Amino acid sequence: KQPQACPSIAETLALIDAPKLPRDRLILRLLYATALRVSELLALVSGDIDERGRLFVRTAKGDQDRYALLDPQSLQRLQQYAQERPPGQRLFATTRAHIHALTVRAARQLGLLQKYQALGLSLSPHSFRHACASHCYQQAMPVDMVRKMLGHADLRNTLLYIDWPVPQMHHQFQLCHPWTTTN
């Protein structure tokens, strides 16, 4: 199994904007905004949307219920989309295969699929989960909160999701290592 790619923020936003259909852009946006697994996204119904910016994720991996957080703009878009769907039915009547093909098509269109394949990395819908975790951590979200956001019981699993770009790592090294700081 190939390791997952962790696209940069700019690459992630470009991937989200690439599909033509608004529903497909919303699907990719939600994968990134919430760090949901594809199976969790596909199980959502309108009653899972909380006005306070949370999604109820029932029977996630490990049969654990949890909440996923949503930014205000994603919440508004999801609420508008949900109004057009019958109550009690899944919000996204599509398949894992469709979401995978959607992601691959967008990545190929942007040249990202080839870039990450050349690095031995897989760019798939799960890459949005990795990107969300990494970007939140890079912006100073404590690792235990990232763990909770992802729904992990074990911190070791969370650490597999977090990626630091080399320039940021170099900058932190310059700031923190005693041999690089001048007193």
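Calculation notes
Residues numbered from 1 in each chain as written. Predicted model: local features only at pLDDT ≥ 70, side-chain atom pairs only at ≥ 80, totals over all residues. Heavy atoms only, no water. Helix = DSSP H or I, 4+ residues; strand = E, 2+ residues; numbered from the N terminus. Buried < 20%, exposed > 50% of the residue type's maximum accessible area, 1.4 Å probe, protein only. Contact = heavy atoms within 4.5 Å. Phe/Tyr/Trp six-rings, centres within 6.5 Å; stacked < 30°, edge-to-face > 60°. Lys NZ or Arg CZ within 6 Å of the ring centre and 35° of its normal.

Visitor: Help me understand the environment of Thr-158 in this model?
Guide: Structurally, Thr-158 is set in helix α9 (residues 155–159). Thr-158 sits in the buried class, given a relative accessible area of 0%. Along the chain, Thr-158 and Val-143 lie 15 residues apart, while their C-alpha atoms are 7.8 Å from each other. The contacts of Thr-158, once residues within four sequence positions are left out, are Val-143, Val-146, Arg-147, Leu-150 and His-152.

Visitor: Before we go on, may I ask you to explain the packing of aromatic side chains in this structure?
Guide: Each aromatic ring pair is specified by the distance between its two centres and by the angle formed by the two planes. The tally for this structure, following the rule as stated, stands at two aromatic pairs. Taking the centre distance of 5.0 Å and the plane angle of 15° together, the rings of Tyr-81 and Phe-92 count as stacked. With Tyr-81 in helix α4 (residues 72–83) and Phe-92 in the loop between α4 and α5 (96–110), the pair connects residues that are eleven residues apart, well separated along the chain. Of the residues examined, Phe-92 reaches a relative accessible area of 0% and is grouped as buried. Here Arg-85 stacks its cationic end above the ring of Tyr-81, 3.9 Å away from the centre of that ring.

So, to be careful, I would describe these as geometric facts and stop short of saying anything about function.
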